[in-house]
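Structural features, examined
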Amino acid sequence: MSILIKPIITEKATNDSEVNNRYAFVVNSKANKLEIKGAVEATYGVAIKSVKTMNYPLKRKTKHTKKGLVTGITSGYKKAIVQVSEGETIDFYNNL
(Lines give C-alpha, C1' and ligand atoms only; values in the text may rest on other atoms or scores of the structure.)
Protein backbone atom coordinates (compact mmCIF):
# COMPACT_ATOMS: atom_id res chain seq x y z
CA MET A 1 0.00 0.00 0.00
CA SER A 2 1.53 3.26 -1.11
CA ILE A 3 0.64 6.04 1.31
CA LEU A 4 1.75 9.10 -0.68
CA ILE A 5 0.09 9.21 -4.10
CA LYS A 6 1.25 12.59 -5.41
CA PRO A 7 2.05 16.12 -4.23
CA ILE A 8 -0.44 18.87 -4.92
CA ILE A 9 1.22 21.64 -6.90
CA THR A 10 -1.27 24.48 -7.31
CA GLU A 11 -0.95 28.22 -6.89
CA LYS A 12 -2.52 28.12 -3.43
CA ALA A 13 -0.41 25.14 -2.26
CA THR A 14 2.81 26.68 -3.60
CA ASN A 15 2.11 29.96 -1.82
CA ASP A 16 1.36 28.06 1.40
CA SER A 17 4.67 26.19 1.11
CA GLU A 18 6.65 29.39 0.57
CA VAL A 19 4.98 31.43 3.31
CA ASN A 20 3.96 28.92 6.00
CA ASN A 21 6.27 25.95 5.25
CA ARG A 22 3.26 23.63 4.62
CA TYR A 23 3.03 21.11 1.78
CA ALA A 24 -0.02 19.33 0.37
CA PHE A 25 -0.25 15.70 -0.77
CA VAL A 26 -2.93 13.39 -2.12
CA VAL A 27 -2.71 10.32 0.11
CA ASN A 28 -4.29 6.89 0.38
CA SER A 29 -7.80 7.19 1.81
CA LYS A 30 -7.11 4.54 4.48
CA ALA A 31 -3.87 6.12 5.77
CA ASN A 32 -3.86 7.81 9.17
CA LYS A 33 -1.81 10.80 10.33
CA LEU A 34 1.02 8.74 11.83
CA GLU A 35 1.47 6.74 8.63
CA ILE A 36 1.46 9.94 6.54
CA LYS A 37 4.04 11.53 8.84
CA GLY A 38 6.32 8.50 8.61
CA ALA A 39 6.00 8.29 4.82
CA VAL A 40 6.87 11.97 4.28
CA GLU A 41 9.82 11.78 6.68
CA ALA A 42 11.14 8.64 4.97
CA THR A 43 10.63 9.92 1.43
CA TYR A 44 11.89 13.49 1.75
CA GLY A 45 14.11 13.29 4.87
CA VAL A 46 12.54 16.19 6.76
CA ALA A 47 11.15 16.60 10.29
CA ILE A 48 7.36 17.02 10.47
CA LYS A 49 5.62 19.31 12.96
CA SER A 50 1.97 18.51 12.25
CA VAL A 51 -0.33 16.75 9.81
CA LYS A 52 -3.85 17.84 8.88
CA THR A 53 -6.09 15.63 6.75
CA MET A 54 -9.23 16.26 4.72
CA ASN A 55 -11.55 13.77 3.03
CA TYR A 56 -13.17 14.93 -0.21
CA PRO A 57 -16.22 12.82 -1.10
CA LEU A 58 -17.05 11.70 -4.63
CA LYS A 59 -19.42 13.92 -6.56
CA ARG A 60 -22.22 12.76 -8.81
CA LYS A 61 -23.27 15.00 -11.68
CA THR A 62 -26.18 14.73 -14.08
CA LYS A 63 -26.99 16.82 -17.12
CA HIS A 64 -29.64 16.81 -19.82
CA THR A 65 -28.33 16.37 -23.36
CA LYS A 66 -29.70 15.31 -26.75
CA LYS A 67 -28.98 11.70 -25.78
CA GLY A 68 -31.04 12.05 -22.62
CA LEU A 69 -29.96 12.15 -19.01
CA VAL A 70 -26.17 11.65 -18.71
CA THR A 71 -24.63 10.87 -15.32
CA GLY A 72 -21.01 11.05 -14.26
CA ILE A 73 -18.87 10.66 -11.16
CA THR A 74 -15.74 12.48 -10.03
CA SER A 75 -13.73 10.34 -7.65
CA GLY A 76 -13.16 11.23 -4.01
CA TYR A 77 -9.74 11.49 -2.40
CA LYS A 78 -7.95 12.28 0.84
CA LYS A 79 -5.68 15.30 1.12
CA ALA A 80 -2.98 15.86 3.74
CA ILE A 81 -1.39 19.18 4.68
CA VAL A 82 2.03 18.58 6.24
CA GLN A 83 3.86 21.30 8.17
CA VAL A 84 7.64 20.96 8.06
CA SER A 85 9.93 22.16 10.87
CA GLU A 86 11.63 25.55 10.62
CA GLY A 87 14.56 25.78 8.23
CA GLU A 88 13.66 22.64 6.23
CA THR A 89 12.05 22.48 2.80
CA ILE A 90 10.81 19.85 0.36
CA ASP A 91 11.99 20.15 -3.24
CA PHE A 92 9.52 18.53 -5.64
CA TYR A 93 11.51 19.48 -8.74
CA ASN A 94 14.90 17.86 -7.97
CA ASN A 95 14.14 14.73 -10.05
CA LEU A 96 13.26 16.55 -13.28
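Below is a summary of the structure that appears in this document.

**Describing the side chain of Lys-78**
- The residue Lys-78 is located in strand E6 (residues 77-84) in this model.
- For Lys-78, which is buried and forms no salt bridge, the nearest opposite charge comes from Glu-35, at a distance of 7.6 Å.
- A polar atom in the side chain of Lys-78 sits 2.6 Å from the backbone oxygen of Ala-31.
- Look past the residues within four positions of Lys-78 in its chain and what remains in contact with it is Phe-25, Val-26, Val-27, Asn-28, Ser-29, Ala-31, Thr-53, Met-54 and Asn-55.

**A closer look at the layout of surface pockets**
- Roughly 210 Å³ of internal volume is contained in the largest pocket.
- Lining the largest pocket are Ile-8, Thr-10, Lys-12, Ala-13, Asp-16, Arg-22, Tyr-23, Ala-24, Met-54, Tyr-77, Lys-79 and Ile-81.
- If you list the elements that add at least two residues to the lining of the largest pocket, you get helix H1 (11-20), strand E2 (22-27) and E6.
- A volume near 150 Å³ is recorded for the second largest pocket.
- Lining of the second largest pocket is provided by Ile-8, Ile-9, Ala-13, Thr-14, Ser-17, Glu-18, Tyr-23, Ala-24, Ile-90, Asp-91, Phe-92 and Tyr-93.
- Residue assignment for the lining of the second largest pocket shows that the elements contributing at least two residues are H1 and E2.
- Per-element tally for the lining of the second largest pocket: the top contributor is H1, with 4 residues.

About the cut-offs
- Residues numbered from 1 in each chain as written.
- Predicted model: local features only at pLDDT ≥ 70, side-chain atom pairs only at ≥ 80, totals over all residues.
- Heavy atoms only, no water.
- Helix = DSSP H or I, 4+ residues; strand = E, 2+ residues; numbered from the N terminus.
- Buried < 20%, exposed > 50% of the residue type's maximum accessible area, 1.4 Å probe, protein only.
- Lys, Arg positive; Asp, Glu negative; His and termini not counted.
- Salt bridge = Lys/Arg side-chain N within 4 Å of Asp/Glu carboxyl O.
- Polar contact = N/O pair within 3.5 Å; in protein donor to acceptor, adjacent residues only side chain to side chain.
- Contact = heavy atoms within 4.5 Å.
- 1 Å grid on protein atoms, 1.4 Å probe; cavity = no way out; pocket = protein on both sides within 12 Å on 5 of 7 lines; lining within 4 Å.
- Points joined across faces, edges and corners; volume = space filled by probe spheres on them.

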